[in-house]
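Structure assessment
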Amino acid sequence: MLDIFSIPLPALFGQLLLGLINGAFYAMLSLGLAVIFGMLNVINFTHGAQYMLGAFAAWLLLTNLAIPFWASLVLAPLIVGLFGVVIERLMLKRIYHLDHLYGFLLTFGLALVIEGLFQWKWGSSGAPYPAPIPGGYNLGFMFMPAYRGFVVVAALVICLATWYGIERTRLGAYLRAATENPTLVRAFGINVPRLITLTYGLGVALAALAGVLAAPIQQVSALMGTNLVLVVFAVVVIGGMGSIMGSIVTGFGLGLIEGFTKVVYPPASNTVIFVVMAIVLMVKPAGLFGQAK
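What this report covers is the structure whose coordinates are included nearby. Source: prediction; values computed, not measured.

Before going further, it helps to examine the packing of aromatic side chains. The full count for this structure, using the stated rule, is 13 aromatic pairs. On the numbers, 5.2 Å between centres and 40 degrees between planes, the contact of F56 with W122 is tilted. With a gap of 66 residues between them, F56 in helix α2 (residues 47–65) and W122 in helix α4 (residues 100–122) connect regions that are remote in the sequence. For F56, a relative accessible area of 3% puts it in the buried group. What makes W122 partly exposed here is its relative accessible area of 35%. Between F104 and F108, the aromatic rings sit 6.0 Å apart at their centres with planes inclined by 10 degrees, giving stacked as the arrangement. On the criterion of helical spacing, the pair formed by F104 and F108 is a turn pair, its members being four residues apart in helix α4. Three or more aromatic residues joined by ring pairs make a cluster, and in this case those are F69, W70, Y129, Y147 and F150.

On to the side chain of H47. For H47, the position within the fold is in helix α2. In this structure H47 comes out as buried when scored by relative accessible area, which is 1%. Residues contacting H47, with those up to four places away along its chain left out, are L29, G32, L33, I36, G203, A207 and V229.

A few words on the packing of helix α3 (residues 69–90) against helix α8 (residues 192–214). A pair of packed helices is characterised by two quantities: the angle between their axes and the separation of those axes. Taken N-terminus to C-terminus, the directions of α3 and α8 make an angle of 140 degrees; their axes are 7 Å apart at the nearest point. In terms of orientation, α3 and α8 fall into the oblique class. The two elements α3 and α8 meet at a crossing, and its hand is right-handed. Taking contact as the criterion, the partners of F69, S72, L73, A76, P77, V80, G81, G84, V85, I87, E88 and R89 in α3 are, on α8, P193, I196, T197, Y200, G201, V204, A205, A208, L209, V212 and L213. Of the residues belonging to the contact of α3 with α8, the class tally is 16 nonpolar, five polar and two charged.

Criteria and thresholds
- Residues numbered from 1 in each chain as written.
- Predicted model: local features only at pLDDT ≥ 70, side-chain atom pairs only at ≥ 80, totals over all residues.
- Heavy atoms only, no water.
- Phe/Tyr/Trp six-rings, centres within 6.5 Å; stacked < 30°, edge-to-face > 60°.
- Helix = DSSP H or I, 4+ residues; strand = E, 2+ residues; numbered from the N terminus.
- Buried < 20%, exposed > 50% of the residue type's maximum accessible area, 1.4 Å probe, protein only.
- Contact = heavy atoms within 4.5 Å.
- Axes fitted to C-alpha atoms, helices over the stretch in contact; angles between N-to-C directions.
- Parallel < 35°, antiparallel > 145°, perpendicular 65-115°, else oblique.
- Left-handed = near helix turned anticlockwise from the far one by under 90°.
- Nonpolar A, V, L, I, M, F, W, Y, C, P; charged D, E, K, R; others polar.

Worth remembering: the numbers are spatial, not functional.
Take a look at the structure:
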């Protein structure tokens, strides 16, 4: 068996695949955070709870209504996205003119409330969700489960489609213009508050979609997004706050780095992303793809 760095090839590529899967979730979640911060200037700490809500929505749709995974991929993000719209209309719109700290404290407190309610109702042990694509493929140097390969491809397509929609379409131009010069955009007859609400709903729906994709891989639990959101914030900072492409590239890249570290030196795998963040901030405080203001 061929070894690389004295590591068996199946073990190395297996960990890199796990890292790539984690990177797919990092990219989708950080993309949602980048959309919300870049367009609304709000640090959305509720993102981990909204990721959990997506997984729970899919699980509840399956267990209570027998709605399969493929339908939940559409329904769960819509349901959680509408919940995000309600949050934006009732709470967030009142603090847009205030300092970032108010948005952070509000969304942090909201995340604690949501996770606490779900933990009280369903506990924290987690519930299994059946894999929608059974089996896998023997690639010779490793075995790749079919569903995990699907997650990587689906996440990449979703991330690139979101980037294209925001950066290359007329609607995306309206969204960016509404955040930079809302008075001018209103002069053209565009409903700016509605655009802002839809933007937040889109960011929340991306988090929920990541949760649905994660449900068959991870246990569906009330605390599944608690630790993940800290890593995702680090990914956003490294890529550049508000940078769409920075979130995508950094999310997948850091997932691979984390997977490789688990093989080479496992004790450092939980901190390697934060070490990278510290190095990037010392060299380029605005992030790899960010622009200093």
